[in-house]
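Given next are the chains, with one letter for each unit.
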Amino acid sequence: MRLQVKNTLFIGKVLLHFERLPSTNAYAQELLSKNRPSEGTVILADYQSAGRGQIGSTWEVAPGKNLTFSLILTPSFLPAPRQFALSQAIALATRDFLSTLCSKQVFVKWPNDIYIEDKKVGGILIQNSLSGKKIQHSIIGIGLNINQSQFDQKLSKASSLAIETGKSFALPQLLPSLLQYIEQRYLELRRGKLLKIQQDYLSHLFLYQKNALYREPGGVAFQGKIVGVNPGGQLGVARENKTKYYSIKEIEYLGIMD
Ligand code: BTN
């Protein structure tokens, strides 16, 4: 597909489009190690043979049916301890975008999964490179399931925009629109609107203030309620009026309670 991004200021103005790559995040890393790609460079692949997921997992989707791309940003204005705000801004932008295409509720599931109702339709992998207390550059990898109609049985939570809406979508038109939403949220972040981003994040957070079942690794199931996310990006879960903050992999969500 031939793509041109006209509706943004800088995101997607350089767009490198490949039929096939091992991983767009890996390609972005390679680019950054060789030269200085301009901020907003997008690397798009119709198919990834070794797509990377969060915490060492893989990201496998059908060729040509989905959006899989990486974006290079240089958020040097953001102190490293506040890097979670970038993750929030990107997840929110992706949610903003999907909610224009879907009448069902679209959520961000902590930390940055994209859900339509209780199904995962998108994942985000952000790789920041730090220099002292600053973020030197950031690779934002986004995988959004758009037209895929079937998923491996082991991915019981996986779905796509097409499954959730009953429609199919023209990928070349979707990308510029998504990039525009990302640019808007990124500019918000650059203007220092961290409080607004935090508020918007909580208002679209999956299971926020709802009773659900959780488990710590090796522990027993308990009833808890998400009550917030701290600036470091840890999830606050209240259990019998005591709130504990968890990093990724320190808590597992088991299911909702009525
Ligand atoms: C997750 O595990 O939920 C995050 C998945 C992120 C997948 C995207 S697809 C484009 C980019 N390139 C990669 O190798 N991974 C990210």
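Residues numbered from 1 in each chain as written. Predicted model: local features only at pLDDT ≥ 70, side-chain atom pairs only at ≥ 80, totals over all residues. Heavy atoms only, no water.

Participant: I'd like to hear about the overall build of the protein, residue by residue, with values.
Facilitator: Helix and strand counts for the protein stand at 5 helices and 12 strands. For the protein, the proportion of its 258 residues judged to be buried stands at 50%. A sequence separation of at least 24 residues applies to 64% of the contacts in the protein between residues at least 6 apart. The positive charge centre, built from 31 side chains, and the negative charge centre, built from 19, are 5 Å apart in the protein. (Helix = DSSP H or I, 4+ residues; strand = E, 2+ residues; numbered from the N terminus. Buried < 20%, exposed > 50% of the residue type's maximum accessible area, 1.4 Å probe, protein only. Contact = heavy atoms within 4.5 Å. Lys, Arg positive; Asp, Glu negative; His and termini not counted. Charge placed at Lys NZ, Arg CZ, Asp CG, Glu CD.)

Participant: Any chance you could break down the packing of helix α2 (residues 84–99) against helix α4 (residues 171–190) for me, citing the residues and the numbers?
Facilitator: One way to put it is that α2 packs onto α4 with a least axis distance of 8 Å and a crossing angle of 140°. By the criterion of interaxial angle, the relationship of α2 to α4 is oblique. Read as a crossing pair, α2 and α4 show a hand that is right-handed. In this structure, α2 contributes Ala85, Leu86, Ala89, Ile90, Leu92, Ala93, Thr94, Asp96 and Phe97 to the contact, and α4 contributes Leu174, Ser177, Leu178, Tyr181, Ile182, Arg185, Tyr186 and Leu189. A breakdown of the residues in the contact of α2 with α4 according to their chemical character gives 13 nonpolar, 2 polar and 2 charged. (Axes fitted to C-alpha atoms, helices over the stretch in contact; angles between N-to-C directions. Parallel < 35°, antiparallel > 145°, perpendicular 65-115°, else oblique. Left-handed = near helix turned anticlockwise from the far one by under 90°. Nonpolar A, V, L, I, M, F, W, Y, C, P; charged D, E, K, R; others polar.)

Participant: How would you explain the nonpolar core if you had to name every residue and give the values?
Facilitator: Ranked by size, the top nonpolar core spans 64 residues in total, and within it Leu67, Phe69, Leu73, Ile182, Leu189 and Tyr201 carry the most contacts. No other element matches α2, which puts 10 residues into this core. Apart from the residues lying within four places of it in its own chain, the contact partners of leucine 189 are Phe77, Leu78, Ala85, Leu86, Ala89, Leu194 and Ile197. Leu21, Ala28, Leu31 and Ile43 belong to the second-largest nonpolar core, a separate cluster that totals 8 residues. (Core = buried A, V, L, I, M, F, W, Y, C linked by side-chain atoms within 4.5 Å.)

Participant: Let's hear about the side chain of threonine 68: which residues, and what values?
Facilitator: Counting through the fold element by element, threonine 68 comes out in strand β3 (residues 67–73). A distance of 2.7 Å separates a polar atom in the side chain of threonine 68 from the backbone oxygen of alanine 45. Other than its neighbours up to four places away in sequence, threonine 68 contacts Thr24, Ile43, Leu44, Ala45, Gln48, Trp59, Val61, Ile142 and Gly143. (Polar contact = N/O pair within 3.5 Å; in protein donor to acceptor, adjacent residues only side chain to side chain.)

Participant: Outline the packing of α2 against helix α5 (residues 194–203), supporting the account with residue identities and numerical values.
Facilitator: Where α2 meets α5, the closest approach of the two axes is 10 Å, and the angle between their N-to-C directions is 55°. One finds that α2 runs oblique with respect to α5. Between α2 and α5 lies a crossing of left-handed hand. Taking contact as the criterion, the partners of Phe84, Ala85, Gln88, Ala89 and Leu92 in α2 are, on α5, Leu194, Ile197, Gln198, Asp200 and Tyr201. When grouped by side-chain class, the residues that make up the contact of α2 with α5 number 7 nonpolar, 2 polar and 1 charged.

Participant: Lay out the sheet that holds β3 with the relevant residues and their values.
Facilitator: Reading across the sheet, the 7 strands line up as β1-β2-β3-β7-β6-β5-β4 and stay open at both edges, with mixed pairing between neighbours. The outermost strands of the open sheet, each flanked by one partner alone, are β1 (15–21) and β4 (106–109). Averaged over all neighbouring strand pairs, the angle between strand axes comes to 20°, with direction disregarded. With 3 bridges connecting them, strand β5 (residues 113–116) and strand β6 (residues 119–131) associate as antiparallel partners. Bridge pairing in β6 links isoleucine 116 to lysine 119. (Pairing = 2+ DSSP bridges.)

Participant: Residues and numbers for the environment of glycine 228, please.
Facilitator: Turning to its location among the elements, glycine 228 is positioned in strand β9 (residues 222–229). For glycine 228, a relative accessible area of 6% translates into the label buried. Sequence separation between glycine 228 and glutamine 198 is 30 residues, and the spatial gap between their C-alpha atoms is 9.4 Å. Apart from the residues within four sequence positions on either side, glycine 228 is in contact with Leu202, Tyr208, Gln234, Leu235 and Gly236.

Participant: If you had to explain the pairing of β6 to someone new, which residues and values would you point to?
Facilitator: Consecutive residues of a regular strand have side chains that alternate between opposite faces of the sheet. What sits between β5 and β6 in their antiparallel hairpin is a turn of 2 residues, with glutamate 117 showing a positive phi close to 50°. Pairing analysis gives 10 bridges linking β6 to strand β7 (residues 134–144), with the strands arranged antiparallel. Bridging across to β7, glycine 122 finds its partner in leucine 144. Once β6 ends, the chain turns through 2 residues before running back antiparallel as β7, passing glycine 132 with a positive phi of about 60°.

Participant: Could you give an account of the packing of aromatic side chains, naming the residues involved and the relevant values?
Facilitator: This model, assessed by the stated rule, comprises 10 aromatic pairs. Both rings, one in phenylalanine 206 and one in tyrosine 253, keep their centres 6.0 Å apart while their planes meet at 85°; by these two values the pair is edge-to-face. Residue phenylalanine 206 is found in the loop between α5 and β8 (211–215), and its partner tyrosine 253 is found in strand β12 (residues 252–256); the two are separated by 47 residues along the sequence. Its relative accessible area of 8% is what places phenylalanine 206 among the buried residues. The class of tyrosine 253 is partly exposed, set by a relative accessible area of 23%. Joined through ring pairs, the aromatic side chains of Phe107, Tyr115, Phe206, Tyr214, Phe222 and Tyr253 make up one cluster. Taking NZ or CZ as reference, arginine 239 lies 3.9 Å from the ring centre of phenylalanine 222, over its face. (Phe/Tyr/Trp six-rings, centres within 6.5 Å; stacked < 30°, edge-to-face > 60°. Lys NZ or Arg CZ within 6 Å of the ring centre and 35° of its normal.)

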